[in-house]
Amino acid sequence: EVPSALAIVEAVERAKKATTVNEIVALIRTHALPRECVPTQLLTHAPVWEALLERMPFTALIRNLATMTRVGLLAPMAPATAEVVRRLEDEAGRLKAPLPPAPALAALMTYKSGKGVRGNGTWSPVAAVVDALDAAFYKAFRAVEPSNTKTLLALDVSGSMSGGTVAGVPGLTPRVASSAMALVTAATEKQHGFVAFTNGLTELDISPRQRLDDICARTAAMPFGGTDCALPMLWAKERKLEVETFIVYTDSETWAGKIHPVQALADYRRESGLPAKLIVVGMTANKFSIADPKDAGMLDVVGFDTASPALIADFSRLRPSPRRKEQKGHPYRGEV
């Protein structure tokens, strides 16, 4: 039975004055009150969170995993842990996962770190929950629509990629974030290739079925150097490869070579006759810009955001208008 509006208002007012766990638990279960209606001093008790969990929305469940662990509700072999794992598996198993890859990875990295992004809160991660979040990350790849283009994924493997954090998430370094985003694209695009670069370039035989940890360990073991984002286009031109979209993942350093990436892309277009696009993803925010603002075939992306993988796929699907095809080397010139 759905509580009447008046009954809900009365329950909220009673919740404000609640002083005991039993009192607030009864109000939560009778009137489906959310966490926001519970007095702060009562949110340190496991029975309160047990009652909230019964009707907790999925996004709220993800946000409160650490708190539920800290208060003792989530523990090895606990009934609440089994319920959380079941919900994570059920939601991630849907055709359109409600948790896109970026927030799924952020939730995983934060929870398994055992410490909060802000404040001094700590907890002991429950292995079953970590495993369920890990599985949800890989299943979330299905939330991204493929562009069905020939894509070259270029990973910056310089030393700076292992430093700092992305979006304030513990353990989410530029190396981990860029490898994750590249893995998402590789899992959704059938025709793709991987390269790693600094001031030199190495072809990578990475499969989208590989684990993220494996990819990060491999790129971290490669020789370090400067960051030359023009190399993927130069390499593809030299080998006469057909590439429709170049996606370069770096941190905040975007060019340290003899030729600018914009010129390298123009040269590749001219040599190949393909209207190739360039997407440069900077994991950490600075005032970087590589894209030519007059060329609608280039895109700068900054940060690790929920919408980034879908945005990259959408941009990759773009095609130059027929009236621009005669401009050899600059098929998108004037499109913006």
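Each chain has its residues counted from 1, running along the sequence as written. The model is predicted, so local features are restricted to residues of pLDDT at least 70 and side-chain atom pairs to those at 80 or more, both for listing and for counting; the totals for chains, interfaces and linings are taken over all residues. Calculation of side-chain values draws on the structure's entire complement of heavy atoms; hydrogens and water are dropped beforehand.

Draft legend 1. Summary view of helix α10 (residues 212-220). Among all positions in α10, only Leu212, Ile215, Cys216 and Thr219 are buried. For α10, the angular spread of buried residues about the axis comes to 95 degrees, placing them on one side. Using a 1.4 Å probe on the protein chains alone, a residue whose accessible area is under 20% of its type maximum counts as buried, one over 50% counts as exposed, and one in between counts as partly exposed. Numbering goes from the N terminus for both helices and strands, where a helix is a DSSP run of H or I of at least four residues and a strand is a run of E of at least two. As used here, the arc is the angular range of directions from the helix axis to the C-beta atoms.

Draft legend 2. View of the nonpolar core. Membership of the largest hydrophobic core comes to 84 residues, with the highest contact counts inside it found for Ile24, Leu65, Leu105 and Tyr249. With residues up to four places along the chain from it excluded, the contact list for Leu105 reads Phe137, Leu172, Val176, Ala180, Leu212 and Phe304. Remark: nonpolar core denotes a set of buried residues (Ala, Val, Leu, Ile, Met, Phe, Trp, Tyr, Cys) joined through side-chain atoms within 4.5 Å. Contacts: residue pairs with any heavy atoms within 4.5 Å of one another.

Draft legend 3. Representation of unusual backbone geometry within the structure. The phi dihedral of Met77 is positive, around 70 degrees, even though this residue is not glycine. Here Met77 is to be found in the loop between α5 (65-70) and α6 (79-92). In this structure, Lys240 is a non-glycine residue whose phi angle is positive, near 55 degrees. Examined against the element boundaries, Lys240 turns out to sit in the loop between α11 (231-238) and β4 (245-250). Under the relative-accessibility criterion, Lys240 is labelled exposed at 70%.

Draft legend 4. Focus on the packing of aromatic side chains. Two rings belonging to Phe, Tyr or Trp (six-membered ring only in the last case) form a pair when the distance between their centres is within 6.5 Å. Interplanar angles under 30 degrees mark stacking, angles over 60 mark edge-to-face geometry, and anything in between is tilted. Within the structure shown, the criterion is met by 5 aromatic pairs. Taking 4.9 Å as the distance between ring centres and 65 degrees as the angle between the ring planes, the aromatic pair formed by Phe137 and Tyr138 counts as edge-to-face. Ring centres 5.1 Å apart and planes at 90 degrees place the aromatic pair Phe246 and Tyr268 in the edge-to-face group. Here the residue Phe246 occupies a position in strand β4, and Tyr268 occupies one in helix α12 (residues 261-272), the gap between them amounting to 22 residues. Given the relative accessible area of 1%, Tyr268 is considered buried. Here the aromatic cluster, defined as three or more aromatic residues joined through ring pairs, consists of Phe137, Tyr138 and Phe141.

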